[in-house]
Amino acid sequence: MSRSKRQFAKNKRDSILALASAVTMTFAATANAAGQDGSSDGLEEIVVSGYRASLDVALDTKKKANGVVDQIVAEDIAKFPDQNLAESLQRVPGVSINQDAGEGRQITVRGLGPSYSRTRINGMEAIATLGTTDQDGGVNRGRSFDFNVFGSEIFQSLTVHKTSGADLDEGSLGATVDLNTAHPLDFKNRTFVASAQVGYNDLAHTTSPRIAALFTSKFLDDKLGVLISAAYSKRKVIEVGASTVRWQSKNAFFNSDGSGYTTAELSTAFVPRIPRYDYYHDDQARTGITGSLQFKPSNATELDLDLLYSKYDAGRDETFLETPAFSSTSKTAGTGTFGGVNNMVVTAASVDDHNSLIYGVFDNVGIRTEFRHDDMTTDFKQATLNLKQTLGENVSLHAMFGYADSKFDNPVQTTLIWDSVAPTNGYSYNFSGTGIPYINAGSLDVTNPANWKLTQIRLRPQGVDNKFDNATVDLNWKLSDALSWTNGVQYKKFDFSTFELRRSNGTTGNQESNIPASVASIATSQYAQLISIPGLDAPTGATIAWAGPNLSTAAGLMNLYDPSVFPMGFEPALGNNYSVQEKDTGVYTQLNFSFPVASMTLRGDVGVRYVQTKQSSSGYTFTSGSPLANSVENTYSDVLPALNSVLEVTDDFLIRLSAAKVMARPGLGSLNPGASVSVSGASFSVTAGNPYLKPNRATSVDLGFEWYPAKGMLLGTTLFYKKIDTFVSTVRTTGPFSANPLGLPDSVAVAACGSNTTTCFPDSPNWQFNLPANTPGGPLKGIEVNLQVPFAFLPSGWNNLGMLLNYTYIDSDIDYVDNTGTVVATGPLTELSKNAANGTLYFDNHKFSARVSAAYRSNYLQTIPGRNGNDVEGTKGSTTIDFSTSWTFNDHLTATLEGQNLTDVPNSQYVDSQAERLGYYHLFGRQFMLGLRAKFD
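All values derive from a computational prediction rather than experimental measurement.

(A) Spatial organisation of the overall build of the protein chain. From N to C terminus, the protein chain includes seven helices and 49 strands. Each principal axis of the C-alpha atoms in the protein chain carries an extent, and together these give about 85 × 60 × 60 Å. Considering the protein chain as a whole, with its 937 residues, one finds that 57% of them fall into the buried category. Put simply, 73% of the contacts in the protein chain that link residues at least 6 apart link residues at least 24 apart. Here the protein chain has roughly 36,200 Å² of accessible surface; of this, 56% comes from carbon and sulfur atoms.

Structure, rendered in structure tokens:
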């Protein structure tokens, strides 16, 4: 090692030691100042309320839990610490989020993606689903939970269970997340709360409302309680950016005149498949209502009825100026001999060290503009009934019955595509920098509607429905002061169904390029609009304005939604028409213990859960090219032992050890017994399911150390390890359709290709097959460090400051295999960020509260192996910064000011682990909220 490197390492080590020393001194000083119970001799007593009080409650829950638990509690009635549930959850150690339209959508826990965690609402498992852009995953047809379906105001607490217990129902490798609404008997008095906020986005330059209210009261000598709450918000979001739909090599450029490279050199370089500018516009409205009826006639009996309704409405426009010619050798424009790369002339070029053609000027290039509109609605309904009954001095019973339904409807997903009627010369792009690339359309006047021709009409209405029926009965016996015995039985029925329709002639053939003569005769100028991208910081000279289709005008002119003009059917979209039903029966027994060991206390639980899963999957397969309904049944069972133990070395120092067998059922799309064949431009794919998949199974171990030196304080670290024994992954292979592993006849490929017969045919070597399979898995290991410090040792006034910090490191080695079982890649799990950290600095007293929070996650993969010759596809790391402030005027009125995404962090995606070629780069703007909150009790 060189002297400079040794010095750097020494400086880094000294910095870490200094930081550790400072943290230790801070803890010691705070503990001495505040004392074990949070009070101090000779110092002014600190009245803890608001945000600090919510931290204390959450910390108390964590300390008393047998397993590894983290909690977030609303600091006051109907006042959650973040605008969005997912964004609150990212404050928990080990939790990272995925965003949609600038708002948190799904969570990843300890490197395990959204589909490996379960979410319960008021104790009952549920799935809430939305649709998003194709780049961000499209319609949610999986087991993951979309947290942005709900406004945060209607919830009182979030609890994350990172370890399993026999009494915790199965289904998670990552975590079980509990969302809980408020209950009326928890309030001392009749209470009414109302809040109103106005939001402003600095990219959209629009304002939006957000209102919430809660009322609760008690009757019959406080034996009966009633609560109702409601929240409504509306927001407009603009996304601007650029994308490429990946990069690919092995092209065949016609000529490289003047480029400085040979045609062979350029033809083997990676080029952006569809370089383009993107402009999205979202209108979203969210309504949430909760109701709770709580009856407690005696200390022995309690009956709770909880109702929840949420509706999420969204309309989204997507428009692109793009060049699909680089992805294909076929003709991609309206007329002429121009089109794919085999017709292009390269007049200037630059290829970087990663063999990426990052800059080029091209002649004879076809241009495309694309406009898509979606109308989307999610209706979520849930009802749960809980009975808690004491049956004697030492026996108690808990029974829960519930129903949940999440229905996503996307009745309009319409895309109009124009291709240029003549080629352009001098088309150029430059991806040599970071951020928004340079794209220029060349000699073609893209603002003139006469230069465009309608070439595709896509109509794709679709929907998803998830239903749960749940019944649970638990019986607990107190055997002694040190032991109790819990036994339970659970029955759960889950019904999932999804559909999609497309333009159809009764076969599986792709009809989207077939334009009826009456429609083709309509001049593009009759339904054109000028599109320009607001707020796009593109390089000087880039083409950011063009003529494109106006869908609302076109719909009337073309009778787009008249089935006699555009017949619809399920045949061309068989892969998105399927259903899955699961009936899960589980029983468990668990011993809870707490007894002294020398001068210490050992407490915890040990037990085992047995669960049987009966699964029925229905979908469509092919027989002689025709769709045939197919149903498959599968049954499997799991025995899941679990141990959670806590050694209380002292009252404020704990050692935790947890171990369990865990399982997560396969993704719903993977269970489809049918197959779908898709042709989109130059992308030809076959996607199939496997209803006989085994679940994901793993062995999990956690070892944690927690020190609580004073009230509201924590220094903790947890080591965790999972041995994933059986893992469901998508196996991708490429080859001719005629050699497909599913036995599909060539006629299916011919029908899917439709009019695109130049490069799309059964013997084309470019067909990609996506098949799920059980693979060996691999280890996952990591460490969490958690620090929570109220600065009680500081002088009066400053002692209202506090800090929360956490850091998580995760590593995994998963073998990814092909259809023969050969390992084709080894790498981390998708959605896993090796490094993640969160920090909050806050000030809180009875008048003024303020906090600034930062959330960081490093790069993570989305697909491995990648497509089109790239080894991986991933998302770049990000750091987001938010703030929140409030001023309390009196006991009834509070003003608030909040801001999200202060540094305007982009969603930046890439392909290839070394080159990190741009795949997607979008900005959403900063969001600010100003409001008032009134409370009367």
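(B) Quick peek at the nonpolar core. With 60 residues, the main nonpolar core has Phe253, Leu357 and Phe362 as its most contacted residues. Judged by nonpolar contacts, the second largest core, of 49 residues, contains Phe147, Phe150, Met400 and Val580.

(C) Molecular detail of the pairing of strand 42 (residues 848-857). Two elements, strand 41 (residues 835-844) and strand 42, share nine bridges in a ladder whose sense is antiparallel. Residue pairing across strands places Ala836 opposite Arg857, the latter belonging to strand 42. Linking strand 41 to strand 42, which pair antiparallel, is a turn of three residues. With 10 bridges connecting them, strand 42 and strand 45 (residues 878-888) associate as antiparallel partners.

(D) Examining empty space enclosed by the protein more closely. Summed over the entire model, instances satisfying the criterion amount to 15 cavities of 30 Å³ or more. By volume, the largest cavity amounts to about 500 Å³. What lines the largest cavity is a set of 32 residues, and nearest its centre among them are Tyr51, Leu55, Ile72, Arg91 and Leu804. Sorting elements by how many residues they give to the lining of the largest cavity places helix 2 (residues 50-64) first, with six residues. Of the residues in the lining of the largest cavity, the class split is 11 nonpolar, 13 polar and eight charged.

(E) Here's a closer look at the sheet that holds strand 7 (residues 176-180). If you walk across this open sheet you meet the five strands as 1-6-7-4-5, and the pairing is mixed. The strands lining the two open edges of the sheet, one partner per strand, are strand 1 (69-73) and strand 5 (124-125). In this sheet, strand 7 lies alongside strand 6 (residues 157-161) in antiparallel orientation, the contact comprising five bridges. Pairing of Leu158 across the sheet is with Leu179, part of strand 7.

(F) Layout of the environment of Gly111. Among the structural elements, Gly111 can be located in the loop between strand 3 (103-109) and strand 4 (118-121). C-alpha of Gly111 to C-alpha of Leu829: the two residues are 718 residues apart in sequence and 7.0 Å apart in space. Discounting chain neighbours no more than four positions away, the residues touching Gly111 are Ile810, Leu829, Thr830, Glu831 and Leu832.

(G) Highlighting the packing of aromatic side chains. Summed over all chains, the structure comprises 26 aromatic pairs. Taking the centre distance of 6.4 Å and the plane angle of 45° together, the rings of Phe362 and Tyr427 count as tilted. Residue Phe362 is located in strand 16 (residues 357-363), and its partner Tyr427 is located in strand 19 (residues 427-430); the two are separated by 65 residues in the primary sequence. Relative accessible area serves as the criterion here: at 0%, Phe362 is assigned to the buried category.

(H) Spotlight on the sheet that holds strand 16. Strand order in the open sheet formed by four strands is 15-16-19-20, and the pairing between neighbours is antiparallel. In the strand order of this sheet, the two ends are held by strand 15 (345-351) and strand 20 (438-440), each with one partner. Taking each pair of neighbouring strands and ignoring which way they run, the sheet shows an average axis angle of 10°. In terms of strand pairing, strand 19 meets strand 20 through three bridges, oriented antiparallel. Residue Ser428 lies in a different strand from strand 20, and its bridge partner there is Asn440.

(I) Geometry of the environment of Glu571. Looking at where Glu571 falls in the secondary structure, it is placed in the loop between strand 27 (568-569) and strand 28 (578-597). When its relative accessible area of 15% is taken as the criterion, Glu571 is described as buried. Glu571 sits 126 residues away from Asp445 along the chain, and the two C-alpha atoms are 39 Å apart. Not counting the four nearest positions on each side in its chain, Glu571 is found in contact with Ser504, Gly506, Thr507, Thr508 and Pro627.

(J) Highlighting the pattern of salt bridges. Inspection of every chain in the model, using the stated rule, returns 52 salt bridges. For Glu170, the salt bridge is made with Lys492, and the minimal N-O distance between the two is 4.0 Å. Placement of Glu170 in the loop between strand 6 and strand 7 and of Lys492 in strand 23 (residues 483-500) is noted, with a sequence separation of 322 residues between them. Among the salt bridges present, the one from Arg316 reaches Glu318, with a minimum N-O distance of 2.9 Å. The exposure class assigned to Glu318 is buried, which follows from its relative accessible area of 4%. Bridged by salt links that share partners, the residues Arg118, Arg120, Glu125, Asp169, Glu170, Asp178, Lys492, Asp584, Arg609 and Arg665 form one connected network.

(K) Local environment of the state of the cysteines. On inspection of all chains with the given rule, the structure shows one disulfide. Residue pairing for Cys753: its cysteine sulfur links by disulfide to Cys760, the two sulfurs lying 1.9 Å apart. Because the torsion about its S-S bond is -75°, the bridge between Cys753 and Cys760 counts as left-handed.

(L) Fine view of the side chain of Asn799. Considering the arrangement of structural elements, one finds Asn799 in the loop between strand 37 (778-790) and strand 38 (801-812). Relative accessible area serves as the criterion here: at 9%, Asn799 is assigned to the buried category. Here Gly797 takes part through its backbone nitrogen, which lies 3.3 Å from a polar atom of the side chain of Asn799.

(M) Region of interest: helix 7 (residues 746-753). The complete set of buried residues in helix 7 reads Val748, Ala749, Ala752 and Cys753. Across the axial projection of helix 7, the buried residues extend over an arc of 130°, all falling on one side. Just past helix 7, the residue Gly754 takes up positive phi, approximately 60°.

(N) Region of interest: helix 6 (residues 551-558). Along helix 6, the residues classified as buried are Leu551, Ala554, Ala555 and Met558. Buried residues of helix 6 fall within an arc of 105° about the axis and therefore sit on the same side. The exposed residues of helix 6 that point more than 90 degrees off its buried face are Ser552 and Gly556. Following helix 6 by one or two positions, Asn559 has its phi on the positive side, about 55°.

(O) Structural detail: the side chain of Thr863. Structurally, Thr863 can be placed in strand 43 (residues 860-863). Discounting chain neighbours no more than four positions away, the residues touching Thr863 are Arg732, Thr830, Val872 and Glu873.

(P) Here's a closer look at the confidence of the model for the protein chain. Across the protein chain, the average pLDDT comes to 90, with 92% of residues at or above 70. Predicted confidence for residues 1-48 stays below pLDDT 50, and this span has 48 contacts to residues more than four positions away or in other chains. Low pLDDT, under 50, characterises residues 332-336; the predicted model gives this stretch 16 contacts beyond four residues in sequence or across chains.

(Q) Expanded view of unusual backbone geometry. Here the amide bond leading from Ile864 into Pro865 is cis, since omega sits at -10°, within 30 degrees of zero. On the secondary structure map, Pro865 appears in the loop between strand 43 and strand 44 (873-875).

(R) Just the environment of Thr129, in detail. Topologically, Thr129 is positioned in the loop between strand 5 and strand 6. Thr129 gets classed as buried once you look at its relative accessible area, which sits at 1%. The residues touching Thr129, leaving out its near neighbours within four places in the chain, are Asn140, Asp146, Val149, Thr378, Ser406, Phe408, Val464 and Asn466.

Rules used in this analysis
- Residues numbered from 1 in each chain as written.
- Predicted model: local features only at pLDDT ≥ 70, side-chain atom pairs only at ≥ 80, totals over all residues.
- Heavy atoms only, no water.
- Helix = DSSP H or I, 4+ residues; strand = E, 2+ residues; numbered from the N terminus.
- Buried < 20%, exposed > 50% of the residue type's maximum accessible area, 1.4 Å probe, protein only.
- Contact = heavy atoms within 4.5 Å.
- Areas by Shrake-Rupley, 256 points an atom, 1.4 Å probe, with all protein chains shown as cover.
- Core = buried A, V, L, I, M, F, W, Y, C linked by side-chain atoms within 4.5 Å.
- Pairing = 2+ DSSP bridges.
- 1 Å grid on protein atoms, 1.4 Å probe; cavity = no way out; pocket = protein on both sides within 12 Å on 5 of 7 lines; lining within 4 Å.
- Points joined across faces, edges and corners; volume = space filled by probe spheres on them.
- Nonpolar A, V, L, I, M, F, W, Y, C, P; charged D, E, K, R; others polar.
- Phe/Tyr/Trp six-rings, centres within 6.5 Å; stacked < 30°, edge-to-face > 60°.
- Axes fitted to C-alpha atoms, helices over the stretch in contact; angles between N-to-C directions.
- Salt bridge = Lys/Arg side-chain N within 4 Å of Asp/Glu carboxyl O.
- Disulfide = S-S within 2.5 Å.
- Polar contact = N/O pair within 3.5 Å; in protein donor to acceptor, adjacent residues only side chain to side chain.
- Arc of directions from axis to C-beta.
- pLDDT = per-residue confidence, 0-100.

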